[in-house]
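# What the coordinates show
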Amino acid sequence: MNDRQYNIAVVGATGAVGEAMLGILAARNFPASAVVPLASERSAGKRVALGSQSLTVQDLAEFDFSSTDIALFSAGGSISAEHAPRAAAAGAIVIDNTSHFRNDPDIPLIVPEVNPHDLAGYTARNIIANPNCSTIQMVVALKPLEDAVGIERINVVTYQAVSGTGKEAIEELASQSAQLLNGRPVESRVYPKQIAFNVLPHIDSFQENGYTREEMKMVWETRKIFGRSDLAVNPTTARVPVFYGHSEAVHLELREALSAERARELLDGAPGVTVLDGRVDGGYPTAVTEAADHDPVYVGRIREDLSHERGLDLWVVADNVRKGAALNSVQIAELLIKDHV
């Protein structure tokens, strides 16, 4: 990084991801001369934390982005659709955490450990897309394997925390758990069925092909990030009663056979990855004990697939709010100021 200081805006600053963005900017000593938290009119005037500082939230609709260098957006797709192009036109470089721009061919979709070279394409529209949380942790884990031998097919099942839906979902899981433990009936407002002590094989809207939009995001985004339109990806995404941290069972069909030992070596040296793969009780990562409130993508249960001669199986966990959203956005900003602005 150079010695320049940057004006940063955080859109959606009162949400779970926005709050995490502010905390990460402070913790990583991002070279910011000013950080402006933005949200809707109803949240304007609230206070949010930036390290030891307390900042006043400003109204997004009235904010002038002309003095902003980088704008981190995480306030929902409709908000990004309206305000991200406005910010970009004013000269700010937008890093958007929603799904709104991810499939646009002229907008780079970036995971810094995986495809940093694609970041140069941001100049087409001054907008950079942050991938879906479940995609980010998977591609970070798969990058060294793709580079070493190539991947033909990915079968993945995700077990996703309620924080991926937002604060209301966190509150719903907490309240339902308390209601059930006290012998009271539960109410479901955020999810179509009870989430406490349950698993819902349904995230986002159903598509005509029977997959959900969350599942199709993993297909589209993985192909775009790896630059592999031929890559076969078969996902099932499920919501589980966990507050923070997504887990994934990943089953790979590789182009060349790879031993579990060699895969472990490759993963152990990969940026952003922490291997926890002891074949003993508790010798594996979980969302609660390792991933939550930590930055790495954790990989364990590395083993050769019994059913396929070139198969490899992994267990991948990460904090969906941090690496799956806020941290990846800040890392993109760090890469941007290091190599591009």
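Quick look at the structure, then. These figures come from a predicted structure and were not determined experimentally. Residue numbers here run from 1 along each chain, matching the order of that chain's written sequence. Only residues with pLDDT of 70 or above have their local features reported here, since the model is predicted, and side-chain atom pairs are shown and tallied only from 80 upward, although totals for entire chains, interfaces and linings are computed over all residues. Side-chain measures here rest on the full set of heavy atoms in the structure, leaving out hydrogens and waters.

## Observations regarding the packing of aromatic side chains
Pairing of aromatic rings covers Phe, Tyr and Trp, the last counted by its six-membered ring, and requires centre-to-centre distances within 6.5 Å; plane angles under 30 degrees mean stacked, over 60 mean edge-to-face, and any other angle means tilted. Tallied over the entire structure, the rule returns three aromatic pairs. Taking the centre distance of 5.0 Å and the plane angle of 85° together, the rings of phenylalanine 63 and phenylalanine 65 count as edge-to-face. Comparing phenylalanine 63 with phenylalanine 65 shows no difference in burial state: the two are buried. The interplanar angle of 25° and the centroid separation of 6.1 Å between the aromatic rings of phenylalanine 65 and phenylalanine 73 together place this pair among those described as stacked. Of the two residues, phenylalanine 65 and phenylalanine 73, neither departs from the other in class, the shared state being buried. One aromatic cluster in this structure is built from Phe63, Phe65 and Phe73. Relative accessible area decides the class of each residue, using a 1.4 Å probe on protein chains only: under 20% of the type maximum gives buried, over 50% gives exposed, and in between gives partly exposed.

## Focus on the pairing of strand E11 (residues 246–254)
Most of E11 sits inside the fold, with eight of its nine residues counted as buried. Pairing analysis gives eight bridges linking strand E9 (residues 151–160) to E11, with the strands arranged antiparallel. Note that in E11 the partner of valine 156 across the bridge is valine 250. Strand pairing requires that DSSP identify at least two bridges connecting the strands. For the purposes of this entry, the term helix denotes a DSSP run of H or I that reaches at least four residues, the term strand denotes a run of E that reaches at least two, and both are numbered from the N terminus. Relative to strand E14 (residues 311–318), E11 runs antiparallel, the two being bridged by eight bridges. Bridging from a neighbouring strand, valine 250 pairs with leucine 314 of E14.

## Side note on helix H4 (residues 167–181)
The length a helix should cover is 1.5 Å for every residue beyond the first. Taking 1.5 Å as the rise per residue, H4 with 15 residues should run 21 Å; its terminal C-alpha atoms sit 21 Å apart, in good agreement. Considered for burial, the residues of H4 that qualify are Ala169, Ile170, Glu172, Leu173, Gln176, Ser177 and Gln179. Trailing H4 by a residue or two, glycine 183 shows a phi angle of about 70°, which is positive.

## A few points about unusual backbone geometry
With a phi angle near 55°, phenylalanine 197 is a residue other than glycine that sits in the positive phi range. The exposure class assigned to phenylalanine 197 is exposed, which follows from its relative accessible area of 58%. With phi around 50°, arginine 301 is a residue other than glycine that occupies positive phi space. Along the chain, arginine 301 turns up in strand E13 (residues 297–304). The class for arginine 301 is partly exposed, based on a relative accessible area of 42%.

## Structural notes on the side chain of aspartate 305
Turning to its location among the elements, aspartate 305 is positioned in the loop between E13 and E14. N or O atoms within 3.5 Å of each other form a polar contact, as long as, within protein, one can give a hydrogen and the other can take it, and as long as residues adjacent in sequence are counted only when both atoms are side-chain atoms. Among the polar contacts made by the side chain of aspartate 305, one reaches the side chain of serine 307 at a distance of 2.7 Å. Any pair of residues with heavy atoms lying within 4.5 Å of one another is described as a contacting pair. When residues no more than four places from it in sequence are discounted, the contact partners of aspartate 305 are Gly311, Leu312 and Asp313.

## Looking at helix H5 (residues 213–226)
For H5, built from 14 residues, the straight-helix expectation of 20 Å at 1.5 Å per residue is met to within 8% by its first-to-last C-alpha distance of 20 Å. Burial of H5 is extensive: ten of the 14 residues sit out of reach of the surface. Residues of H5 that are buried include every one of Glu214, Glu215, Met216, Lys217, Met218, Val219, Glu221, Thr222, Ile225 and Phe226, and no others. Those residues of H5 hidden inside the fold are in contact with helix H3 (133–148), E9, strand E10 (232–239) and E11. Backbone geometry just after H5 places glycine 227 at a positive phi near 65°.

## Some thoughts on a nonpolar patch on the surface
Like-charged residues are merged into a patch within 9 Å and nonpolar side chains (Val, Leu, Ile, Met, Phe, Trp, Tyr) within 5 Å, provided each residue has over 30% relative accessible area and no salt bridge. The Shrake-Rupley method, run with a 1.4 Å probe, gives the accessible areas here. Residue values count only the displayed protein chains as cover. Within this document, salt bridges are pairs made up of a side-chain nitrogen of Lys or Arg and a carboxyl oxygen of Asp or Glu, the two lying within 4 Å of each other. There is a patch of nonpolar side chains on the surface, built from Leu180, Leu181 and Phe197 and spanning about 340 Å² of accessible area. Mapped onto the elements, leucine 181 comes out in helix H4. Residue leucine 181 is classed as exposed on the basis of its relative accessible area, which comes to 66%.

## Some details on the sheet that holds strand E1 (residues 6–11)
If you trace the six strands from one edge of the open sheet to the other, you get E5-E2-E1-E6-E7-E8, paired in parallel fashion. The sheet is open, and its two edges are formed by strand E5 (58–59) and strand E8 (127–129), each paired on a single side. Here E1 runs beside strand E2 (residues 32–39); their pairing, made up of six bridges, is parallel. By the bridge assignment, isoleucine 8 is partnered in E2 with valine 35.

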